[in-house]
Amino acid sequence: MARIVMKFGGTSMAGTERIRRVANIVRAQAAKGDEVAVVVSAMAGETDRLVGFCREANALYDPAEYDVVVASGEQVTSGLLALTLQAMGCNARSWLGWQVPIRTDDAHAKARIEEIDAPALIAAMQSGQIAVIPGFQGVTPDGRVTTLGRGGSDTSAVAVAAAVKADRCDIYTDVDGVYTTDPRIVAKARKLKNVTYEEMLELASVGSKVLQTRSVSLAMKEKVRVQVLSSFVDQNAPDADSLPGTMIVSDEELAKITEAKISQEGLDMERQLITGIAADKNEAKITLTRVADRPGAVAAIFGPLAAASINVDMIIQNIAKDKGETDVTFTVPKADLLRAQTLLEERKEAIGYFRMIADDKVAKISVVGVGMRSHAGVAATMFKALADRGINVQAISTSEIKISVLIDADETELAVRVLHSAYELDAAA
């Protein structure tokens, strides 16, 4: 017997027929004798609809009342799933965020979970009851409803799994696992059996839409084993235990899995150097020309952006010329481009730049893999492969297990295909 937390996203909950499909998956897991909790998202498109109502009611809406409205989408699906499970003869009930309770800070619309009081929930699971919990929401110390930000149901599921000390957190989506890249771009992309927390965190942060970044970070911190699966399976398909998707685990667990495979198969092999290729078109580039080359000039650029909560990613500062001036190029989320331009224009005199050039027709392409730590030449392979196809690199950023480049948005799919082949990630025919 295991303790499993199952999470279903908006596409999985989009209508009564899909909710019935989800209920069948949950019932099959519980029928094995497992203790089960289920975390659900709102129906696909419902949160956007509710956000639209808030904006129509008051363009300068109160974030606390906004949370009351948008949290209702998950309340509906949790109740409907509990009702469907009951109709199938299962012992199930819904638990709203304040009933668990899931305690958060008071940062409405972007709250962070501080703790979950799990004894009552654990007792219900131990009694054989299927607990259905709305994701994306919690409660402040003074009893107000909060929401965790878009995609927050993944974080809710991982947090619940950590609180109840679950053996595994299964995230059911519209894909059946994590792939070496987007299969819609590269038909030969391979599904990965195992990915480390660090690799998944990097992939999520650079464009992979499989999991929310915060959920992966929390899973790594709390050592929650997370499995990515598809909810769109036939009714007679094997269950999650016998037909796994992609398991996200620690470096240590992955090392044990690899050693066991080598022992069983008698292979002398090293782990794949590169795990995956990600692309993100939600980037915009800003260049400030002829910035004064003096102490404090760069701080004058990025200080106001940080104060406005605008995240800056890639940064390039050219070598100063004889005139004591330099160009500074950086990227921001495309959604924040106008705000960033306005802030920088307002501070043009204080910063001391000559001209601001913005470009939102760019894309960030990233290669990710823990194998980079112990292998040289990863960057050289990337740059040569792109150069051979005439793809110009506009900016570069790196971490210990990631290299990202900024390119023209029109060349995104070509770059992904080229790099997928260059690192020999294509699945066998």
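Residues numbered from 1 in each chain as written. Predicted model: local features only at pLDDT ≥ 70, side-chain atom pairs only at ≥ 80, totals over all residues. Heavy atoms only, no water.

*Asks:* Would you take a moment to explain the environment of Ile277 for this structure?
*Replies:* Along the chain, Ile277 falls in strand S13 (residues 276-292). Along the sequence, Ile277 and Ala415 sit 138 residues apart, while their C-alpha atoms lie 9.7 Å from each other. Look past the residues within four positions of Ile277 in its chain and what remains in contact with it is Thr180, Thr181, Ile365, Ser366, Val367, Val416, Leu419, His420, Tyr423 and Leu425. (Helix = DSSP H or I, 4+ residues; strand = E, 2+ residues; numbered from the N terminus. Contact = heavy atoms within 4.5 Å.)

*Asks:* How do you make sense of the packing of helix H2 (residues 46-57) against helix H3 (residues 63-70) when you look at a structure like this?
*Replies:* Packed helices, taken two at a time, are described by the angle between their axes plus the distance between the axes. Packing of H2 against H3 leaves a shortest axis separation of 9 Å and a crossing angle of 145°. Viewed along their axes, H2 and H3 form a crossing whose handedness is right-handed. Contacts from Leu50, Val51 and Cys54 in H2 reach Tyr66, Val69 and Val70 in H3. When the residues that make up the contact of H2 with H3 are grouped by side-chain class, the tally is 6 nonpolar, no polar and no charged. (Axes fitted to C-alpha atoms, helices over the stretch in contact; angles between N-to-C directions. Left-handed = near helix turned anticlockwise from the far one by under 90°. Nonpolar A, V, L, I, M, F, W, Y, C, P; charged D, E, K, R; others polar.)

*Asks:* Can you help me understand the sheet that holds strand S14 (residues 315-317) in this one?
*Replies:* Working definition: the strands of a sheet are paired by backbone hydrogen bonds and lie parallel or antiparallel to each other. Taking strand neighbours across the sheet as the criterion, the 6 strands line up as S14-S15-S13-S16-S18-S17 in an open arrangement whose pairing is antiparallel. Strand pairing shows two members of the sheet lacking a second neighbour, S14 and strand S17 (395-399), which therefore form its edges. On average, each strand axis in the sheet is inclined to that of its neighbour by 25°, with strand direction left out of account. Running over the sheet, helix H7 (residues 197-205) touches S13, strand S16 (355-368), S17 and strand S18 (402-408) and is turned about 150° from S16. (Pairing = 2+ DSSP bridges.)

*Asks:* It is not clear to me how the pairing of strand S9 (residues 168-173) should be interpreted in this structure. Could you clarify?
*Replies:* Regular strands place side chains that alternate from one sheet face to the opposite one. For S9, a buried count of 6 out of 6 residues is recorded, marking the element as mostly surrounded by other parts of the structure. Along S9, one buried face is formed by Arg168, Asp170 and Tyr172 and the opposite face, lined by Cys169, Ile171 and Thr173, is buried too. Pairing of strand S1 (residues 3-8) with S9 involves 5 bridges; the strand directions are parallel. Residue pairing across strands places Lys7 opposite Ile171, the latter belonging to S9. Direction of pairing for S9 relative to strand S11 (residues 226-230): parallel, over a ladder of 5 bridges. Bridge pairing in S11 links Cys169 to Val226. (Buried < 20%, exposed > 50% of the residue type's maximum accessible area, 1.4 Å probe, protein only.)

*Asks:* Sorry, what's going on with the environment of Pro333 here?
*Replies:* Mapped onto the elements, Pro333 comes out in strand S15 (residues 325-333). Sequence-wise, Pro333 and Glu283 are 50 residues apart; in three dimensions their C-alpha atoms are separated by 4.7 Å. Apart from the residues within four sequence positions on either side, Pro333 is in contact with Asn282 and Asn311.

*Asks:* Can you help me understand the pattern of salt bridges in this one?
*Replies:* A side chain with one charge may pair with a side chain of the opposite charge, provided their charged atoms come close. In this structure the tally under the stated criterion is 24 salt bridges. Between Arg373 and Glu400 there is a salt bridge; the shortest N-O distance is 3.5 Å. Taken as a pair, Arg373 in the loop between S16 and helix H13 (378-388) and Glu400 in the loop between S17 and S18 lie far apart in primary sequence, 27 residues in all. Arg373 sits in the partly exposed class, given a relative accessible area of 36%. (Salt bridge = Lys/Arg side-chain N within 4 Å of Asp/Glu carboxyl O.)

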